[in-house]
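# Coordinate analysis (summary)
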Amino acid sequence: MSENCTHDCSTCGEACASRQAPQDLQAPLAAGASVKKVYAVVSGKGGVGKSLVTSLLAAQTQLRGYATAVLDADVTGPSIPQSFGVHGRAQGCDGGIIPAASKSGVQLMSVNLLLENESDPVVWRGPVIAGAVKQFWSEVLWEDVDYMYVDMPPGTGDVPLTVFQSLPIQGVIIVSTPQELVGMIVEKAVKMAKLMEVPVVGMVENMSYFQCPDCGKRHELFGKSRAEEIAKQYGIPFLARIPIDSAITQAVDNGQVENIHAPFLDDLLNGLLNG
Ligand code: ADP
């Protein structure tokens, strides 16, 4: 057993001999709930557009006719309900918590839907946060969900570790931006997924370029992108480049992520939904 073992595989990152397989720690769904496939959206740090990618993927998946859900595991920086324009508190019933629904019917659960005042900060310790995310999985009455996207907390710390172990995550989508130390971030995410025995679906570069609305020319504002090269280096597919666009910021701020035209996600969605 490693010197650093915490004797609790749900919070320990050590790969020691007595480690329980991740699937042993998975939390069950509530009675009557059903979720077919779960994908996690991860990033190295906050503010790179992980929540945007999560909510866009969900909106586009629902638009293609699949019953879709978002579990907002970014408990200290929850922004999913806002991007869908969903406010107010989730309702409970005898069997569990009823997820909120967006305009197009995406099922949502986030800590913001449970707080008395959605602008209240969540000042909780790691294990409490991780426990809340587990409850979002096992105490919410997810109804016949084909695809669930999990907006993961940024980084590779305690909470994402627990989320990976508690939920049956089918694949990981890594979001990065050109400003980040992409190589290092991708390597960390790839290693974490490997440790958790979850395949990496691929990588998305957000804020990749700005497209001039007048002449259509693409400008790489943060210098030449290295994302494709890095994805190749780690043997993972490079799946999408998302432009930086004030229309995106405005739509998200106004709770209209479902109105964003997102052809840049087509290849990623085709892979996810047919895979
Ligand atoms: P994260 O989940 O990684 O913390 P968010 O998805 O919340 O990041 O994005 C941070 C902010 O940047 C949000 O206001 C979002 O609307 C904005 N944003 C993200 N990506 C883009 C983009 N490609 N174009 C314009 N605004 C963006």
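Note that the coordinates shown come from a computational prediction; the quantities given were computed from them, not determined experimentally.

Time to look at the overall build of the protein. Each helix and strand in the protein was counted, giving 8 helices and 12 strands. In terms of overall dimensions, the protein is globule-like: its C-alpha atoms have a radius of gyration of 18 Å, near the 19 Å expected for 275 residues. Each of the three principal axes of the protein carries a C-alpha extent, and together these read 55 × 45 × 35 Å. A burial count over the protein gives 51% of its 275 residues as buried. In the protein, of all internal contacts separated by at least 6 residues, the share reaching a separation of at least 24 is 76%. In the structure as shown, the protein presents an accessible area of about 12800 Å², 50% of it carried by carbon and sulfur atoms. Averaging the positions of the 19 positive and the 29 negative side-chain charges in the protein gives two centres separated by 7 Å.

As for its placement among the helices and strands, Pro168 is situated in the loop between helix H4 (158-166) and strand E8 (171-176). A relative accessible area of 31% places Pro168 in the partly exposed class. As a C-alpha pair, Pro168 and Gly65 span 103 residues in sequence and 23 Å in three-dimensional space.

On to the site of the ligand, then. The environment of the ligand is made up of 17 residues, and the closest members are Gly47, Ser51, Leu52, Asn206 and Pro243. Within the backbone of Gly49, an N or O atom sits 2.9 Å from an oxygen atom of the ligand. A distance of 2.8 Å separates an oxygen atom of the ligand from a polar backbone atom of Leu52. Protein contact buries 81% of the 560 Å² of open area that the ligand shows by itself.

Within a regular beta strand, the side chains point alternately toward one face of the sheet and then the other, so they alternate between its two faces. With respect to burial, strand E2 (residues 68-72) is a largely interior element, 5 of its 5 residues being buried. The side-chain alternation of E2 yields two buried faces, one formed by Thr68, Val70 and Asp72 and the other by Ala69 and Leu71. Here 5 bridges tie E2 to strand E7 (residues 145-151), and the two strands are oriented parallel to one another. Directly across from Thr68, in E7, lies its bridge partner Tyr147. Note that E2 and strand E6 (residues 107-109) share 3 bridges and pair parallel. Counted as the bridge partner of Leu71 is Met109 from E6.

Of all 9 residues in H4, 8 are buried, a share of seventy percent or more. Considering only its buried residues, H4 is in contact with strand E1 (35-43), helix H3 (126-138), E7, E8 and helix H5 (182-195).

Tallying each qualifying case throughout the model produces 8 salt bridges. For the salt bridge of Lys50 with Asp151, the shortest nitrogen-to-oxygen distance reads 2.8 Å. In this pair, Lys50 sits in helix H1 (residues 50-63) while Asp151 sits in strand E7, placing the two residues 101 residues apart along the sequence. Residue classification places Lys50 among the buried residues on the basis of a relative accessible area of 4%. The exposure class assigned to Asp151 is buried, which follows from its relative accessible area of 0%. For Lys191, the salt bridge goes to Glu187, with nearest N and O atoms at 3.0 Å.

In this section: the layout of surface pockets. Computed from the structure, the largest pocket encloses a volume of approximately 490 Å³. Within the residue set of the lining of the largest pocket, elements represented by two or more residues are H1, helix H2 (80-84) and helix H7 (246-253). For the lining of the largest pocket, the per-class residue count stands at 9 nonpolar, 12 polar and 5 charged. Around the second largest pocket, the lining comprises 18 residues; the ones closest to its centre are Gln211, Pro243, Asp245, His261 and Phe264. Counting only elements with at least two residues in the lining of the second largest pocket, the list comes to strand E10 (210-211) and H7. For the lining of the second largest pocket, the leading source of residues is H7, giving 4 residues. By residue class, the composition of the lining of the second largest pocket is 11 nonpolar, 4 polar and 3 charged.

Scoring rules and cut-offs
- Residues numbered from 1 in each chain as written.
- Predicted model: local features only at pLDDT ≥ 70, side-chain atom pairs only at ≥ 80, totals over all residues.
- Heavy atoms only, no water.
- Helix = DSSP H or I, 4+ residues; strand = E, 2+ residues; numbered from the N terminus.
- Rg over C-alpha atoms; globule rule 2.2 N^0.38 Å.
- Buried < 20%, exposed > 50% of the residue type's maximum accessible area, 1.4 Å probe, protein only.
- Contact = heavy atoms within 4.5 Å.
- Areas by Shrake-Rupley, 256 points an atom, 1.4 Å probe, with all protein chains shown as cover.
- Lys, Arg positive; Asp, Glu negative; His and termini not counted.
- Charge placed at Lys NZ, Arg CZ, Asp CG, Glu CD.
- Near = heavy atom within 4 Å.
- Polar contact = N/O pair within 3.5 Å; in protein donor to acceptor, adjacent residues only side chain to side chain.
- Pairing = 2+ DSSP bridges.
- Salt bridge = Lys/Arg side-chain N within 4 Å of Asp/Glu carboxyl O.
- 1 Å grid on protein atoms, 1.4 Å probe; cavity = no way out; pocket = protein on both sides within 12 Å on 5 of 7 lines; lining within 4 Å.
- Points joined across faces, edges and corners; volume = space filled by probe spheres on them.
- Nonpolar A, V, L, I, M, F, W, Y, C, P; charged D, E, K, R; others polar.

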